[in-house]
Amino acid sequence: MEFAASLPFGFDPFQLEALSALAAGEGVLVAAPTGAGKTVVGEFAAHLALSTGTRCFYTTPIKALSNQKYTDLVARYGADKVGLLTGDTSRNGSAPVVVMTTEVLRNMLYAGPVGGGGLDTLAYVVMDEVHYLADRQRGAVWEEVIIHLPAHVRLVSLSATVSNAEEFGEWLVTVRGHTRVIVSDHRPVPLWQHVLADRTLHDLFLEDGSGAPAPSAGAALARAVSEEELARPGWGAPPAAGSARTVPPAAGSARTVPPASGSVPAVPAGAGGRSGDRGRGGERGRRRDGRGRAADGTRAPSQTVPAARVGGDGPARGATAKVGGRVVNPDLVRLAREENRAMPGGYGRGRGGPGGPGGPRRRMWVPGRPEVVERLDRDGLLPAIVFVFSRAGCDDAVTSCVRSGLRLVGPAEQQRIRTIVRERTVGIPDSDLGVLGYWAWLEGLERGIASHHAGMLPTFKEIVEELFVQGLVRVVFATETLALGINMPARTVVLERLTKFNGESRVDITPGEYTQLTGRAGRRGIDVEGHAVVLWQPGLDPLALAGLASTRTYPLRSSFRPSYNMAVNLVGRLGADRARTVLESSFAQFQADRDVVGLARVVARNTEAIDEMRAQVSCDRGDAAEYDRIRRDIREREAALSREGSARRRAESAAALGRLRTGDIVRVPAGRRSGLAVVLDADAGAVGAEGPRPVVLTADKQVRRLSLVDFPVAVEPLGRVRVPRSFNPRSPQSRRDLASSLRAADVDPDGPPSRRAKARSAAADDAELARLRRALRAHPVHDCPRREEHLRSAEQVNRLAKETAAISRKVEGRTNTVAKTFDRVRAALTELGYLDGDTVTDAGRVLARIYSEQDLLVSECLRAGIWEDLTAPALAAAVSSLVFEPRGDDVGVPALPGGAALRDCLDEMGRLAFRLAATEQGHRLAFLRPPELGFVPAAHDWAVGRPLERVLTDSGLELTAGDFVRWMRQLLDLLDQIAKVAPDDSRVRRTARSAMDALRRGVVAYATSV
């Protein structure tokens, strides 16, 4: 087979099955672990297209992956046969094989005739990383493509291992015809899980990757108990005096004997060095692969370690724990218990350390980042990816490794690194190298160390990826974005923590994320096995970690919902009724319908049980059910009156917040932000349940966005201070000066006494409540001695009835849920003049060509003509407010550039967004967000030609070069769409082109051309 001959390795069974299905004309869904070789199936689709004279589109979720796949296919088939289409790059788009982002294909389908008449020669579409359809922001695009592709196109879907692949495959059959579902859990390179704790590299489990016990693990396995038994009090207590004994360790349970405090463990002979390299000491020799084996596969000599478990009053002496059917290393459980005893208030408090009363307290050694890299290097576990979950943390890690003198490559490798970097960065202006951090970045690269995160210039990230794949960079400190499809396999993956910041709070990583991150460990055809290392952190629970490592899959849930752009395109192409039918074929509706079947069964069972239970609620004095109903009516009336009071107070607070103006001094009564504050942005035009959310500067110089939660009673201004127009919330000096003015203001820091008088309870004067109470007292059941018994029975009936009613509402809500949302979207578009029945109006045809989360707001700005009189820099600044989204707590109000015209335009855009939000609220929709002004200064300054360093430092944001280029790319894309859809006689068309020319310079021009 020609295709097989072109590969340096043989096929796995799942690959053979998928290739056979494709060759037989079937569609395929392949779900397999990261690194298993799924892309071979996609590449075979390209091979089939080339060999049959047809076309293949290879789609990916991100541009970086598209660029990588384009490079791979060009190397195999030549540049004349492969094209590339992304948001800002177009190369050889008519080639037989074209790599593109998924959005590009979606736009092609909507731009062409119904049935895909312009895609007659398209035979295959590969959807790499198809599990992206669960992404909340972009997932709908994948379903749009799957639904609207011409029927003759064979779909090749490549997914990470998900637990409901069969369900997804059944849906594909309903919309695409026969589809072979191929699921493989096999990793071609086995993965070993480790924990680096107390200067020792421990195995997490006492068995190899296939689940077979290691040779010396028999005793521990025989002692294994369940996780529930392990949790019983007293399990694993410290051994009694004199009861210690020594045993050979379970396989890989410990690499070395823990050294005395402060010492570094000795390295066994031959443990240093890297395969194919000289060790740091300059000697070649046998090394251990991190699992207690020498490089030739033989097992290294056993070390003697203390007994895993001796004594205690738990279920069994010396028992160990099992999670997911696998035995957790007892040494790790012991370390966790010893650390817990040492913590104030922890288990065994007052009993001293692990040695019993008066024993020493354990303080676990936590290695620094250079020490981690040195340990990995010494054990032959490089190259490695260290996931840090923080951009600043990644850069700090590289800096600390460089300062420690760590060097992982030799002179010849350094020279190759310099040559590659020089060739790839030749187009970057010399004047920008300093602000881009080029020299510090290059110094790390020349030592074989780099970071990788979204804040880096895209070119720098791509160079890091290239050097890592070539083995010239030995360790990369990365955020989780590296795990999203980029082909950067390593021998080892290290996780510094098992938590990450999600933009709002610190949360635990999920089993799916853990699998995705550790899946990069183990290079097919290079490594015999891969290694995942978790660094011990205070509070780490080995059993929870074992649970993460044992849960290999996660469910794929659709995030599909109709958008405004989707609605006008579907109505224009298919008509409203047929469009509604098409949307009901989405994966979202498929999953909802499946849920409905099970829920309907629950409703039927509950209804039958309620009838039986009601027959048993009886009283010889009267109708007990009626008495219970009166009592419930009283509770509901009291709750309604309480809600009305709360709503009234909330409305008063919202109105008071809405009256605030910039410069007002207020007192935040409670919470983390309590104290005096000055209003920077009143946000008076806010609409929706949250109400106004003013941005303030607190007395301790913090810029924060407040809400109704911070003001349980109506707020009143205590005074005013002047907020300079040049105030920059990102400038420490600006914040200090304004906070000083706030503290100097002549106001009472405790504020005026609350005007919230103690009002008479509404319940005391409510006639309906009084009537119900009289009826309750007069009811014959009221004096029954068994009244409470009757009421308990009635309460059980009511509770089950309430649960059943909630399930019934859920059934109703999930029935035709996508179509119902589509109906509300159509109603909103009809009200705004974009649709007239099945007819798309002129305004609707403009909206159909705008692909943006803010599509309707962009269209309304064009219709209102509010951009007509803007200059090119001002238009770039105004449009940037529709693409930019702040990170985390970036809520500062920037000093707006560009004069009155730009400020007036932004004000009008805000009012327009307010009116659209009111329309959405009336139709129970919430797609749009208000314009975000944070990037306005940067966009304007770059468009007028200011240097990069000044733009980044004066932007008012903590902008990195990578952030800047990413937002500029999105801004250029939206400006290009505006230029295409604006009326021919509109000045906006010409201004948008001029704005694009002004923006496309320096690093922006370089980043959008590679």
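Structural data are supplied above this passage.
In this report, we go over the structure that sits alongside the text. (Residues numbered from 1 in each chain as written. Predicted model: local features only at pLDDT ≥ 70, side-chain atom pairs only at ≥ 80, totals over all residues. Heavy atoms only, no water.)

**Focus: the nonpolar core**
Alright, step 1. Ranked by internal contacts, the top residues of the largest apolar core, which has 177 residues, are F168, L445, L829, W867, F964 and V1003.
Alright, step 2. Per element, the largest residue contribution to this core is twelve residues, and it comes from helix α33 (residues 961-981).
Alright, step 3. Once residues within four sequence positions are removed from consideration, F964 is found in contact with F935, A938, W942, L948, V951, L952, L959, V1003 and V1004.
Alright, step 4. Listed in part, the 34 residues of the second largest apolar core include V41, V82, V97 and V99. (Core = buried A, V, L, I, M, F, W, Y, C linked by side-chain atoms within 4.5 Å. Buried < 20%, exposed > 50% of the residue type's maximum accessible area, 1.4 Å probe, protein only. Helix = DSSP H or I, 4+ residues; strand = E, 2+ residues; numbered from the N terminus. Contact = heavy atoms within 4.5 Å.)

**Notes on helix α24 (residues 767-778)**
In an α-helix, one turn spans 3.6 residues; hence positions three or four apart end up facing the same way.
Alright, step 1. Here α24 contains twelve residues, and its C-alpha end-to-end distance of 17 Å stays within 8% of the 16 Å for a straight helix at 1.5 Å per residue.
Alright, step 2. Among all positions of α24, only L769, L772 and L776 are buried. End-on, the buried residues of α24 take up no more than an arc of 60°, which puts them together on one face. Facing away from the buried side of α24 by more than 90 degrees, the exposed set consists of A767, R777 and A778. (Expected span 1.5 Å × (residues − 1). Arc of directions from axis to C-beta.)

**Quick notes on the environment of V781**
Alright, step 1. Its place among the elements puts V781 in the loop between α24 and α25 (787-814).
Alright, step 2. C-alpha of V781 to C-alpha of Y627: the two residues are 154 residues apart in sequence and 6.7 Å apart in space.
Alright, step 3. Contact partners of V781, with chain neighbours within four places excluded, come to C619, G622, D623, A624, Y627 and R787.

**A few points about the packing of helix α20 (residues 576-583) against helix α26 (residues 817-832)**
Alright, step 1. Taken N-terminus to C-terminus, the directions of α20 and α26 make an angle of 145°; their axes are 8 Å apart at the nearest point. Handedness of the crossing formed by α20 with α26: right-handed. In this structure, α20 uses A576, A579, R580 and L583 to contact α26, whose residues at the interface are V818, A819, K820, F822, D823 and R826.
Alright, step 2. In terms of residue class, the contact of α20 with α26 is made up of six nonpolar, no polar and four charged. (Axes fitted to C-alpha atoms, helices over the stretch in contact; angles between N-to-C directions. Left-handed = near helix turned anticlockwise from the far one by under 90°. Nonpolar A, V, L, I, M, F, W, Y, C, P; charged D, E, K, R; others polar.)

**Re the sheet that holds strand β22 (residues 530-535)**
Hydrogen bonds between backbone groups are what pair the strands of a sheet, and the pairing can be parallel or antiparallel.
Alright, step 1. Across the sheet, seven strands lie side by side as β10-β9-β22-β19-β16-β18-β17; this open sheet has mixed pairing. Each end of this open sheet is capped by a strand with a single partner; those strands are β10 (200-203) and β17 (449-452). Strand-to-strand, the axes of this sheet are offset by a mean angle of 25°, without reference to chain direction.
Alright, step 2. In the sheet, strand β19 (residues 492-495) pairs with β22 via four bridges, with the strands oriented parallel. (Pairing = 2+ DSSP bridges.)

**Considering the sheet that holds strand β24 (residues 675-681)**
Alright, step 1. Strand order in the open sheet formed by five strands is β26-β25-β24-β23-β27, with antiparallel pairing between adjacent strands. Single-partner strands in this sheet number two, and they are β26 (703-705) and β27 (719-720).
Alright, step 2. Where strand β23 (residues 664-668) meets β27, two bridges bridge the pair, whose relative direction is antiparallel. Looking at the pairing, D664 lines up with R720 of β27.
Alright, step 3. Where helix α23 (residues 732-744) meets the sheet, it contacts β23, β24, β25 (695-698) and β26, and its direction lies at approximately 80° from that of β25.

**Quick word on the pattern of salt bridges**
Alright, step 1. Tallied over the entire structure, the rule returns 32 salt bridges.
Alright, step 2. Here E103 ties to R138 by a salt bridge, and the two come within 2.8 Å at their closest N and O atoms. Here R138 lies in the loop between β6 (122-127) and α6 (139-148) and E103 lies in helix α5 (residues 102-111), a separation of 35 residues in the sequence.
Alright, step 3. Residue D976 is joined to K980 by a salt bridge in which the shortest nitrogen-to-oxygen separation is 3.1 Å. On the criterion of helical spacing, the pair formed by D976 and K980 is a turn pair, its members being four residues apart in helix α33.
Alright, step 4. Overlapping salt bridges bring together R580, E584, D823 and R826 as one network. (Salt bridge = Lys/Arg side-chain N within 4 Å of Asp/Glu carboxyl O.)

**What about the pairing of strand β16 (residues 384-387)?**
Alright, step 1. Side chains A384 and V386 project from β16 onto one buried face, and the interleaved I385 and F387 project onto a second face that is buried too.
Alright, step 2. Direction of pairing for β16 relative to strand β18 (residues 475-478): parallel, over a ladder of four bridges. Bridge pairing in β18 links A384 to V475.

**So, the side chain of Q193**
Alright, step 1. Structurally, the position occupied by Q193 is in strand β9 (residues 191-197).
Alright, step 2. By relative accessible area, Q193 is classed as buried at 4%.
Alright, step 3. A distance of 2.6 Å separates polar atoms of two side chains, one belonging to Q193 and the other to Y514. (Polar contact = N/O pair within 3.5 Å; in protein donor to acceptor, adjacent residues only side chain to side chain.)

**Points about helix α18 (residues 542-550)**
Alright, step 1. Along α18, the residues classified as buried are P542, L543, L545, A546, L548 and A549.
Alright, step 2. Here α18 starts with a cap whose side-chain oxygen sits 3.0 Å from the backbone nitrogen of L543, and that cap is D541.

**So, the state of the cysteines**
Alright, step 1. What the rule picks out here adds up to zero disulfides.
Alright, step 2. With no disulfide of its own, C861 lies closest to C905 among cysteine sulfurs, the gap being 6.9 Å. (Disulfide = S-S within 2.5 Å.)

**Considering unusual backbone geometry**
Alright, step 1. Cis peptide bonds are those with omega within 30 degrees of zero, and the linkage from L382 to P383 qualifies with 5°.
Alright, step 2. Residue position: P383 is located in the loop between α11 (369-378) and β16.
Alright, step 3. Non-glycine residue F389 carries a positive phi angle of around 65°.
Alright, step 4. Along the chain, F389 falls in the loop between β16 and α12 (391-403).
Alright, step 5. Residues other than glycine seldom take positive phi values, yet R924 does so here, at roughly 55°.
Alright, step 6. Here R924 lies in the loop between α30 (899-922) and α31 (936-943).
Alright, step 7. Given the relative accessible area of 63%, R924 is considered exposed.

**Side note on the environment of Q137**
Alright, step 1. Looking at the element boundaries, Q137 is found in the loop between β6 and α6.
Alright, step 2. Along the sequence, Q137 and E853 sit 716 residues apart, while their C-alpha atoms lie 8.4 Å from each other.
Alright, step 3. Contacts of Q137, omitting those with residues within four sequence positions, involve E853 and E885.

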